[in-house]
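# An overview of the molecular structure
What follows is the residue order along each chain.
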Amino acid sequence: MEGGTEAIGGRKRPLTTPETWVRKLQEGLHRSAKREAQRRFHQLYDKVWNVWTLQVAWRRVRAKKGAPGPDGVTIEKIEARGVDAVLAALSRELRERRYRAGPIRRKYIPKANGKLRPLGIPNVLDRVVQAAVLLVIEPIFEADLPDTAYGFRPGRNAHQAMDAICKQLLAGRVEVVDADLQSYFDTISHDNLMALVARRIVDRGVLNLIQQWLSAPVIEPDGSTGPSGRKNDQGTPQGGVISPLLANIYHACIPHLWERRGHARQLGGILISYADDFVILLRPGRGPSARTALQAICQRLSLTLSEAKTKVVNALREPFQFLGFAVQKVQNPKTGKWFPRVMPSAKSQQRLRDRLQEILNRKTAWKPVEDVVKEVNQVLRGWGHYFFYGVSQNAMGRLNHYAEQRLRKWLMRRQQRRGPGYTRYPTETIYRKLGLYRLPARSPWRHANACG
């Protein structure tokens, strides 16, 4: 099966591209799921092995330019073999139920707190199949996820989550339960998760694929688990294409139980989440009760709420941290008006300085100037695009000065010269001739207005 038709003015015409066919499929599934909250979907597996679905999935995986999995097969190797032939063979494997998920390659990346974050990297073709399943089932579960969940969802982003927080602060919900789940992705119960998925999906072919990916063995980088890896009986690996959706499905149980157990009615708390990061905003005095209730919900879901990092904060007295921002409700000294002040946190600013130090130091003095400036600009643009929100202009002005000074110092050391370098590398040379990117040191009015 490939493609299909769509009705245009009473007539039917072929859906001529894989993207168009997949989009129409997704729209139909989402409408059905939204219209019938209790509907369970049966015939989905044939949509997964459809070559057009796999082609769209392949393009999404290829666009990510990810590393190979344990089998060592790269995106370039697949292209050399011929993408059409590889996807046709993969489609046959799926159709004939011969597909078996490979193991996951474990990789550790440093976190800001000095600890390591474990990633699980599946084989490229496993990622393609995961992407195909995601294309088919995501529209169904999108209909069920709460409106206050913003992480890893189509058309949603971190700034929208911050807008929602600002709105609640303006409404007087200034007591905040700043929650932290320990190793959320790695501690999700497989049995509980599969039960949640099965509430909507009853197609055994799709359920079998998801179970395979959850239980795929993990190969550690030090070789301690051997070539076949160790058994995996909990968690959904960060790095898997479908993992964010599965994590969202499980996390949605928290606001669901919050409502079902009557906490929303009794305490009036609003839970706003981005992936596993979430806060509960309440009227003053209700924070301790909300924290106790949240602890019981997490125990029910076999999740661990960090006692040390989860705290109750009054946003009128001190800021709380969310998604790298520091948030507090403050009073304008000129107008007397209260507003949510959102700015890059001190930790977020320091991480940027640390990253610039890694790029601009003695060990990189041998690199061409244009290459180093290009790398610096990539870091600044990414950071600035994310943090251009709220009242970020003062922080960005200071960081512009830091980046300029750091580059100037690096240039002087590179030429084995002493001094600050203002005369040799004035500001105009730094920005116009060398092309250093300047963070936007002005107020992002659209977001500022959205917050108050």
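All of the points below concern the structure found in this document. (Residues numbered from 1 in each chain as written. Predicted model: local features only at pLDDT ≥ 70, side-chain atom pairs only at ≥ 80, totals over all residues. Heavy atoms only, no water.)

### Thoughts on the packing of aromatic side chains
Here is the rule: The rule is short: rings of Phe, Tyr and Trp, with Trp giving its six-membered ring, pair when the centres are within 6.5 Å, and they are stacked under 30 degrees, edge-to-face over 60, tilted in between. Our definition puts a charge over a ring when NZ of Lys or CZ of Arg is within 6 Å of the ring centre and also within 35 degrees of the ring normal.
Per the stated rule, a full pass over the model turns up 7 aromatic pairs. A ring pair is formed by Tyr386 and Phe387, whose centres lie 4.7 Å apart and whose planes are at 85 degrees; its orientation type is edge-to-face. In this arrangement the basic side chain of Arg438 is found over the ring face of Tyr431, its NZ or CZ atom lying 3.8 Å from the centre.

### Section: the pairing of strand E5 (residues 175-179)
As a reminder of what qualifies: The buried label applies to any residue whose accessible area, calculated with a 1.4 Å probe on protein chains only, is under 20% of its type's maximum; exposed applies above 50%, and partly exposed to all values in between. Helix numbers and strand numbers start at the N terminus; a helix is a DSSP run of H or I with at least 4 residues, a strand a run of E with at least 2. Any two strands between which DSSP finds at least two bridges are classified as paired.
In terms of burial, E5 is a largely internal element, 5 of the 5 residues being buried. Neither face of E5 is open: one carries Glu175, Val177 and Ala179, the other Val176 and Asp178, and all of them are buried. Sheet topology places E5 next to strand E9 (residues 311-314); 4 bridges connect them, and they run antiparallel. When the sheet's bridge partners are listed, Val176 is paired in E9 with Val313.

### Comments concerning the pattern of salt bridges
Formally: Think of a salt bridge as a Lys or Arg side-chain nitrogen and an Asp or Glu carboxyl oxygen that are within 4 Å of each other.
For the structure shown, the criterion picks out 15 salt bridges. Residues Arg106 and Glu220 are paired through a salt bridge, measuring 3.9 Å at the closest nitrogen-oxygen approach. Taken together, the positions of Arg106 in strand E3 (residues 104-110) and Glu220 in the loop between strand E6 (218-219) and helix H11 (243-251) put the pair 114 residues apart, joining distant regions of the chain. We classify Arg106 as buried; its relative accessible area is 9%. The exposure class assigned to Glu220 is buried, which follows from its relative accessible area of 12%. Linking Arg432 and Glu428 is a salt bridge whose minimum nitrogen-to-oxygen distance equals 3.5 Å. Here the residue Arg432 and the residue Glu428 both occupy positions in helix H18 (residues 427-433), the gap between them amounting to 4 residues, near one helical turn. A relative accessible area of 69% places Arg432 in the exposed class. Look at Glu428 and you get exposed, because its relative accessible area is 52%.

### With respect to the packing of helix H9 (residues 190-198) against H11
For clarity, the threshold we go by: Interaxial angles span 0 to 180 degrees and are taken between N-to-C directions of axes, which are lines fitted to C-alpha atoms, for helices over the stretch in contact. Any angle that falls under 35 degrees is termed roughly parallel, while one over 145 is termed roughly antiparallel, one within 65 to 115 roughly perpendicular, and all others oblique. Should any heavy atoms of two residues lie within 4.5 Å, those residues are counted as being in contact. The classification used treats Ala, Val, Leu, Ile, Met, Phe, Trp, Tyr, Cys and Pro as nonpolar, Asp, Glu, Lys and Arg as charged, and all other residues, Gly among them, as polar.
Between H9 and H11, the shortest axis-to-axis distance is 10 Å and the interhelical angle comes to 90 degrees. Accordingly, the angle class assigned to the pair H9 and H11 is roughly perpendicular. Of the residues in H11, those touching H9 at Asn192, Leu193, Leu196 and Val197 are Leu246, Ile249 and Tyr250. Of the residues assigned to the contact of H9 with H11, the class counts are 6 nonpolar, 1 polar and no charged.

### Notes on a positive patch on the surface
How we decide: Patch definition: residues with relative accessible area over 30% and no salt bridge; like charges joined within 9 Å; nonpolar side chains (Val, Leu, Ile, Met, Phe, Trp, Tyr) joined within 5 Å. Surface exposure here means Shrake-Rupley accessible area, sampled with a 1.4 Å probe, where a residue is shielded only by the protein chains that are shown. Neither His nor the chain termini are counted; the positive set is Lys and Arg, and the negative set is Asp and Glu. A single reference atom marks each charge: NZ on Lys, CZ on Arg, CG on Asp, CD on Glu.
Together, Lys111, Lys115, Arg117, Lys309, Lys311, Lys347 and Arg351 make up a region of like positive charge exposed at the surface. Among the secondary structure elements, Arg351 is positioned in helix H15 (residues 346-359).

### Observations regarding the environment of Arg381
Position of Arg381 relative to the elements: it lies in helix H16 (residues 369-387). On the accessibility criterion, Arg381 (45% relative accessible area) is partly exposed. Residues Arg381 and Tyr150, spaced 231 residues apart in sequence, show a C-alpha to C-alpha distance of 23 Å.

### Topic: the state of the cysteines
Formally: Note on terminology: pairs of cysteine sulfur atoms within 2.5 Å are recorded as disulfides.
Counting across every chain of the model gives 0 disulfides. Cys253 takes part in no disulfide bond, and the closest cysteine sulfur to it belongs to Cys298, at a distance of 11 Å. Classification of Cys253 by relative accessible area gives buried; the value is 11%.

### A closer look at the sheet that holds strand E12 (residues 338-344)
With antiparallel pairing, the 3 strands of this open sheet are ordered in space as E10-E11-E12. Both outer strands of the open sheet, strand E10 (320-322) and E12, are each paired with one neighbouring strand and no more. Averaged over all adjacent pairs, the angle separating strand axes in this sheet is 35 degrees, with direction ignored.

### Side note on the sheet that holds E3
Read from one edge to the other, the open sheet built from 3 strands follows the order E4-E3-E6, with strand pairing classed as mixed. Taken across any chain shown, the strands that pair with only one partner, and hence form the sheet edges, are strand E4 (116-121) and E6.

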